[in-house]
Structures are given as C-alpha cells and as structure tokens.
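Understanding the architecture of this molecule
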Amino acid sequence: MERARAVIPNGMYGHESVALLPEGYPQFFSRAEGARLWDVDGNEYLDYMCAFGPNLFGYGHAEIDTAAAAQRARGDTMTGPGEAMVAFAEAMVAQVSHADWAMFCKNGTDATSMAVATARAHTGRGKILVGRGTYHGASGWAIQRASRGLMPEDKAHVIHFRYNDVESLADAVKMAGDDLAGIMITPFRHEVFQDQFLPDPAFLQFARESCDRAGALLIVDDVRAGFRLDRDCSIEAYGVSPDLSCWGKAIANGQPVSALLGVEKARQAAGSIVATGSFWFSAVPMAAGVATMRAIRETDYLERTIARGTALREGLQQQAAAHGFTLRQTGPAQMPQILFEEDPDFRFGYAWVTEALDRGVYLSPYHNMFICSALTEADVRLTLERTDDAFAALKARRSSVQPVEKIQPLVEAIRAANR
Ligand SMILES: Cc1ncc(COP(=O)(O)O)c(C=O)c1O
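Residues numbered from 1 in each chain as written. Predicted model: local features only at pLDDT ≥ 70, side-chain atom pairs only at ≥ 80, totals over all residues. Heavy atoms only, no water.

1. Focus on the domain arrangement of the protein chain
Considered domain by domain, the protein chain is made up of domain 1 (2-57 + 300-418) and domain 2 (62-298). For domain 1 and domain 2, the distance between their C-alpha centres works out to 27 Å. Between domain 1 and domain 2, the contact holds 33 residues from the first and 28 residues from the second. Both faces combined, the contact of domain 1 with domain 2 buries some 2,700 Å², and carbon together with sulfur accounts for 58% of it. Between the two partners, domain 1 and domain 2, sit 2 salt bridges. With a shortest N-O distance of 2.9 Å, Arg 231 and Glu 303 are connected by a salt bridge. Counting across the domain 1 and domain 2 interface gives 19 residue pairs in polar contact (both at pLDDT 80 or more). Elements supplying a minimum of two residues to the side of domain 1 that touches domain 2: α9 (301-322), β11 (327-330), β12 (337-340) and α12 (408-418). With 5 residues, α12 is the largest single contributor of residues to the side of domain 1 that touches domain 2. Taken together, the residues that form the side of domain 1 that touches domain 2 break down as 21 nonpolar, 9 polar and 3 charged. (Domains from an automatic or database assignment. Contact = heavy atoms within 4.5 Å. Buried area = accessible area lost by both parts, 1.4 Å probe. Salt bridge = Lys/Arg side-chain N within 4 Å of Asp/Glu carboxyl O. Polar contact = N/O pair within 3.5 Å; in protein donor to acceptor, adjacent residues only side chain to side chain. Helix = DSSP H or I, 4+ residues; strand = E, 2+ residues; numbered from the N terminus. Nonpolar A, V, L, I, M, F, W, Y, C, P; charged D, E, K, R; others polar.)

Next up, the structure:
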C-alpha cells in the first residue's frame, strides 16, 4: 500500500478499493485458483466475492483458459477482430431468447451507455428512466453517489423511479412525457448496504407496457446477475422480454468483454451509434466467451451454485441463532447479501467478516457476494466451521464492538435516497 500510495491516487480506487472495508482487508492479491485467492502476503482465502462477479466457473477454469490460451497463441489485439467475435455473437444470440444481435465492448458501463444511446437513436428522444440508487456503471449519466467532477447536465435526461414501485414508475413515465426513450431496470434489486429483493412481476409488466405504449425500449441491465440466475436473460423467467440487455462480468469467466444484446427492431439504431474502443475487439476474451457459453449450456454450474449458496445460507442462519445473532440473508442464494438484524451502524457485520477473514474466509459486509461453481460441498463445510468460530469470537466481544464511523455518511445518503 505504501508503494501504491506513492504512484496511485489513494493507493487504489473504485469498487475493488478496500477503503470502505474493515481494517486488515488485503488490497493486493498474488494468485487465484478455483474458489480461492491468495493475497500478496501469502494468506489464502475462500473467496466469496469472485472478483465482484466475473468469476463464475472458478479462477483458472481449464477449458475456458485453454480456449483463451489457444487464441492468444494466434493473436489477440489485432488490426481487426478474430473469427471468435462472430462465434461469440452467435453463441450469445443462441443463448439469450430475446437477442437477435450482439455488440461487444469492454466493461458493463460500456454496455449500459450503448443501451442508452441505442434507445435514443431508436426513438429520436432523450429521457432514460432508471431506478433511484441503482448502479448502472461509472459514467456521468449513471453515477448517483456523491462524486466530484460531474455536472448536473450529465444527468439532465435521466429520471429516477423507486424500484418495484409501479406508481413511482408511472410518475417518471409521465414526467418524461413524449420524450421517453427507454426504461432501464436491473433484474433484481442488488445495491450496497441494503437488503436485496426480487422484482414484483406487476412492476416488470408495467415497465414493459409503458415502453410498448410509448414506443420506447425496455432495457435490462444484467451486468451483475447475468447467467447467475438463469441461462437466459434474468427477467425471462417472469414472462417479460426486454428490447435490449446489457451483459458483462461473468460472460467470459473473468476475461474482459461485455455485451449489448438486442431485438430486431433495435438493430438499425444500434448500428448507427458511435461504439468503439482500442481493446473492444481483442480476440482472447471472445474465445473465452465462446467457451464460457459452452459451459453455461452443457454443465450444471447454475444448479451447483444455487445448492452451495443454499447450504451456506442455511448453515449461517443456524450458527447465528446459536450464538445469539439474527442475520438478514437476502437475494438469490448464489448472490447472497448478509446483513445483521439490529445492526444499524453495521458494527456487528463488520466485526464478523473481520473474524471470518482472519480465519481465511473472504466475505463482504456491505456488497452482495457471489458463489462460483468451483466451490465444493467440502469448501462450504470448511467455510461454516470457520464462520462458526467467527460468530463465537464476535459473541465474546459483543459489548465492545465499535460502530464503523467511516461508512456512516454513505449509509446515511443511501437511506435518504431510499426514503
Ligand atoms: C448492474 C450493474 N451494471 C453496470 C455495472 C458496471 O459494470 P462495469 O464495472 O464492468 O463497468 C455494474 C458493475 O458492478 C453493475 O453491477
């Protein structure tokens, strides 16, 4: 960290910065394999963050990495894309039922920003509706947390609604009037420092109908949840189909590539926007993406992650109760959010994950976590042995655990935005 602070502002930035985590969380890592990672001091952890989502099949997955290595031997960033780009587009269009075409980019923010531009190009209108407090990326239009360097104009054409609240969405649609270009929704509510919750089918249906009535586009931001809830776009299970969907994180099991998928009627608009980047068409991530799509089609990865997540959830619930704590475990079991009941300043959550970290289990006290399919039943048992000790240690120092001062301004801002 000392070396980093000399040459990187604050030593680190962004979502992988440990600034909001408890003291002692490692910032730099030397190695990752399967469901485990090692920090630069050589400490080993069972990793429940999975690189904040990209690790779906396990770090260093044999088939996916072999496909990437074979492509790397032939060429990666070249004067034009490889055949792998077409193969990846074919695989994604075949996998995602609403998709008639695919465009690739690098990060989730690229995909959501391209979706916004495509909706505007398709409709010739400006207003985009997004959930209040919902994270859609680190671009000016999307950032909702206090951040310096932004201008009000960056969000001049973004209108916020309350997630799952039909009335609030109806108000936002009304406010957009005849300038509604699109509505962007995440497939479930998965924001930091909060309980997660699934969408109300009536809310999804209302979003779909509002877009249809206005000729606007319904956009699903599946960057975080994509292929973790379903082998299709995450809201298809609710009988609702979007016009555009945004993908990233897990689609190439950690190789850098993201995607915008869309229906036929949006193809022309998507083809009319400026969308490019020096590394967007590199062939290695595309080859990894093709192999990842094969693993999604052909393996029981989804059922495995759900089973492991459920076993973890049930074990933790029993342990917490046995030690006199109550957990609020929300969201899908394979993307767990774990908060403590009666812990408004997060002191118990922070202290417990610190005890778990000291015992080799890497958890988050404020962000939803991720289960990868490389996590075994034995790994879950080992995790539970360690978390049981962590609960016991927390119980022993329950009365002296201190509130977490550094997160309070952010927590207060989030609470205010949710009111
Ligand atoms: C729902 C959602 N959308 C968009 C993004 C932005 O993706 P990226 O960080 O790859 O730009 C994220 C990242 O966490 C996300 O969770």
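Following the structure, the description resumes.
2. Re unusual backbone geometry
Not every positive phi belongs to a glycine, and Asn 253 is a case in point at roughly 50°. Looking at the secondary structure, you find Asn 253 in the loop between β9 (244-247) and β10 (258-262). Backbone geometry at Glu 342 places phi at a positive 55°, although glycine is not the residue there. Here Glu 342 shows up in the loop between β12 and α10 (347-358). Taking the relative accessible area as the measure of exposure, Glu 342 reaches 69% and is therefore exposed. (Buried < 20%, exposed > 50% of the residue type's maximum accessible area, 1.4 Å probe, protein only.)

3. Concerning the site of the ligand
As a structural note, the neighbourhood of the ligand is formed by Asn 107, Gly 108, Thr 109, Tyr 135, His 136, Gly 137, His 190, Asp 221, Val 223, Arg 224 and Lys 249. For the shell around the ligand, the per-class residue count stands at 2 nonpolar, 6 polar and 3 charged. (Near = heavy atom within 4 Å.)

4. Quick word on the packing of α10 against helix α11 (residues 377-396)
Running from N to C, α10 and α11 cross one another at 130°; their axes reach a closest spacing of 8 Å. For the element pair α10 / α11, the angle class is oblique. You can see that α10 and α11 cross each other, and the crossing is right-handed. Here Phe 348, Ala 351, Trp 352, Glu 355 and Ala 356 of α10 come into contact with α11, specifically with Thr 387, Ala 390, Phe 391, Ala 393 and Leu 394. Residue composition of the contact of α10 with α11, by class: 8 nonpolar, 1 polar and 1 charged. (Axes fitted to C-alpha atoms, helices over the stretch in contact; angles between N-to-C directions. Parallel < 35°, antiparallel > 145°, perpendicular 65-115°, else oblique. Left-handed = near helix turned anticlockwise from the far one by under 90°.)

5. Structural notes on the pairing of β9
Covered by surrounding structure in β9 are Leu 244 and Cys 246 together with Ser 245 and Trp 247, the residues of both alternating faces. With 3 bridges connecting them, strand β8 (residues 217-221) and β9 associate as parallel partners. Within β9, the position partnered with Ile 219 by the bridge is Leu 244. Note: β9 against β10, 4 bridges, orientation antiparallel. Counted as the bridge partner of Ser 245 is Leu 261 from β10. (Pairing = 2+ DSSP bridges.)

6. Some words on the nonpolar core
Within soluble globular proteins, side chains that are nonpolar tend to cluster in buried spots. Of all hydrophobic cores here, the largest spans 56 residues; its most connected members are Met 92, Phe 104, Leu 129, Ile 183 and Phe 227. Ranked by the residues each element gives to this core, the list is headed by helix α8 (residues 283-298), at 9 residues. If you count residues domain by domain, this core takes at least three from each of domain 1 (2-57 + 300-418) and domain 2 (62-298). In contact with Met 92, other than residues within four places in its own chain, are Phe 104, Phe 227, Trp 247, Ile 251, Ala 259, Leu 261 and Met 293. With 51 residues, the next largest nonpolar core counts Leu 312, Phe 346, Phe 370 and Leu 410 among its residues. (Core = buried A, V, L, I, M, F, W, Y, C linked by side-chain atoms within 4.5 Å.)

7. With respect to the sheet that holds strand β13 (residues 361-362)
Pairing in this open sheet of 4 strands is mixed, and the strands run β1-β2-β3-β13 from one edge to the other. Edge positions in the open sheet fall to β1 (29-33) and β13, since each of these has one partner strand only. Alignment of β1 against strand β2 (residues 36-39), held across 4 bridges, turns out to be antiparallel. For Ala 32, the partnering residue across the bridge sits in β2 and is Leu 37. Of the strands in this sheet, β2, β3 (44-47) and β13 touch α11, which is tilted by about 110° from β3.

8. Concerning the pattern of salt bridges
Counted under the stated rule, the structure contains 15 salt bridges. Across the pair Asp 243 and Arg 208 runs a salt bridge whose closest N-O atoms are separated by 2.8 Å. Within this pair, whereas Asp 243 is found in the loop between β8 and β9, its partner Arg 208 is found in helix α6 (residues 201-214), the two being separated by 35 residues in sequence. Both residues of the pair, Asp 243 and Arg 208, belong to the buried class. Residues Arg 328 and Glu 341 are paired through a salt bridge, measuring 3.2 Å at the closest nitrogen-oxygen approach. One end of the pair, Arg 328, is in strand β11; the other, Glu 341, is in the loop between β12 and α10, and 13 residues separate them in sequence. Residue classification places Glu 341 among the partly exposed positions, given a relative accessible area of 36%.

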